[in-house]
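# Structural features, examined
Each chain, written out:
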Amino acid sequence: MRIDIITVLPELLKSPFEASILKRAIDKGLVEIHFHNLRDYSSNRYKQVDDYQFGGGAGMVLMIEPIDKCISKLRSQRDYDEIIYLTPDGTTLNQSIANELSLKQNIIMLCGHYKGVDQRVRDVFVTKEVSIGDYVLSGGELAAAVLSDAIIRLLPGVLNDETSALTDTFQDDMLAPPVYTRPADYKGNKVPEVLTSGNFGKIEKWREQKAMERTSKLRPDLLK
Ligand code: SAM
């Protein structure tokens, strides 16, 4: 998979990809991440990429021309399955969107700033709009990092044990059961006996039951 991220702040985006699972995925060649500084596509000698909004009002808007130039250059090099604009009024990210995107080959993520991008960018180029929640961030970079992480951890070979992602919360519209590790008794707080019984049938049943209990209690909406 290849992810191209268009941003005015590439430096804000780099660190999440320089550690842990995302770094390992890149090092193993399972995913390529490319950052594109929108200012490199400005035709203005001051590298300007934003302007006042028509009709007046507070806040600058990212201009269509540099975004067009950047996307057109990328598209001249390969086909893209999706051009995603990170935006608070997009479809709220969930596990099923992450699952679906993890099957794609090439994705562009466009990060907005200020008041966002000129609406014509959304009308002409963008194929999917994704929000990471009902709150407003100052830019799309952190949202692009969140979306990338949710996708990349699902790619075959990224997690040491591929079945791990399948047992995470939301995969079956359920919350995950509780997990424990050594010591089995910590200051009198004991691990449920079944987990140390070695009876895998019983353990599986216990996990299903706990997942159901937690989902009914904390996220009954998922069971509908
Ligand atoms: N004026 C926009 C609005 O009211 O919908 C908000 C613009 S916001 C200050 C600047 C940029 O941050 C957006 O263009 C978007 O790329 C990003 N952003 C902010 N909140 C986001 C969210 N919840 N999910 C994804 N991206 C977000």
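Quick caveat, the model's predicted, so the values are computed rather than measured.

### Examining the nonpolar core
In this structure, I67, I84, L86, M109, L110 and A144 are the most contacted members of the largest nonpolar core, which totals 43 residues. Taken together, the elements giving at least two residues each to this core come down to β1 (2-7), α2 (20-27), β4 (60-62), α3 (64-77), β5 (82-92), α4 (95-101), β6 (106-111) and α6 (141-152). In terms of residue count, the dominant contributor to this core is α6 (six residues). If we skip the residues at most four places from it in the chain, A144 touches I5, L13, L86, M109 and C111.

### Some details on the site of the ligand
Taken together, 19 residues lie near the ligand, and L86, G112, G116, G140 and A143 sit nearest. For the shell around the ligand, the class distribution of residues is eight nonpolar, nine polar and two charged.

### With respect to the UniProt feature "domain: tRNA methyltransferase TRMD/TRM10-type" (unreviewed entry) in the chain
In this numbering, the UniProt entry assigns the feature "domain: tRNA methyltransferase TRMD/TRM10-type" (unreviewed entry) to residues 1-224. Secondary structure across residues 1-224 comprises 33% helix and 19% strand; the distance between its end C-alpha atoms is 34 Å.

### What about the pairing of β5?
With five bridges joining them, β5 and β6 adopt parallel strand pairing. Paired with E82 across the two strands is I107, which belongs to β6. Handedness of the crossover is the feature at issue here: the chain leaves β5, passes through α4, returns alongside β6, and the resulting connection is right-handed. Where β5 meets strand β7 (residues 128-131), five bridges bridge the pair, whose relative direction is parallel. Counted as the bridge partner of T91 is V130 from β7.

### Quick look at the sheet that holds β6
Adjacent strands of a sheet form backbone hydrogen bonds with each other and so pair up, either parallel or antiparallel. Strands sit in the order β2-β1-β6-β5-β7 across an open sheet of five strands; the sheet is parallel. Bordering the open sheet on either side are β2 (32-37) and β7, each of which pairs with just one other strand. With direction set aside, neighbouring strand axes in the sheet form an average angle of 30°. In this sheet, β6 lies alongside β1 in parallel orientation, the contact comprising five bridges. Along β6, the bridge assignment pairs D4 with I108. Each of β1, β5, β6 and β7 is contacted by α6, which is oriented at about 155° to β6, the strand it contacts most.

### Details of the domain arrangement of the chain
Partitioning the chain into domains gives domain 1 (2-152) and domain 2 (167-223). If you average the C-alpha positions of domain 1 and of domain 2, the two centres end up 37 Å apart.

### Considering the UniProt feature "binding site: S-adenosyl-L-methionine" (unreviewed entry) in the chain
Mapped onto the present numbering, the UniProt feature "binding site: S-adenosyl-L-methionine" (unreviewed entry) falls at G112, I132, G133, D134, Y135, V136 and L137. Relative to the assigned elements, D134 resides in the loop between β7 and α6. Judged by the 8 C-beta atoms lying within 10 Å of it, D134 is exposed. With respect to the helices, strands and loops of the structure, Y135 is situated in the loop between β7 and α6.

Rules of the game
Residues numbered from 1 in each chain as written. Predicted model: local features only at pLDDT ≥ 70, side-chain atom pairs only at ≥ 80, totals over all residues. Core = buried A, V, L, I, M, F, W, Y, C linked by C-beta atoms within 7 Å. Buried ≥ 20, exposed ≤ 12 C-beta atoms within 10 Å, placed from the backbone. Helix = DSSP H or I, 4+ residues; strand = E, 2+ residues; numbered from the N terminus. Contact = placed C-beta atoms within 7 Å. Near = placed C-beta within 6 Å. Nonpolar A, V, L, I, M, F, W, Y, C, P; charged D, E, K, R; others polar. UniProt positions renumbered as here; feature names shortened; annotations may be inferred. Pairing = 2+ DSSP bridges. Right-handed = clockwise from strand over helix to strand, strands pointing away. Axes fitted to C-alpha atoms, helices over the stretch in contact; angles between N-to-C directions. Domains from an automatic or database assignment.

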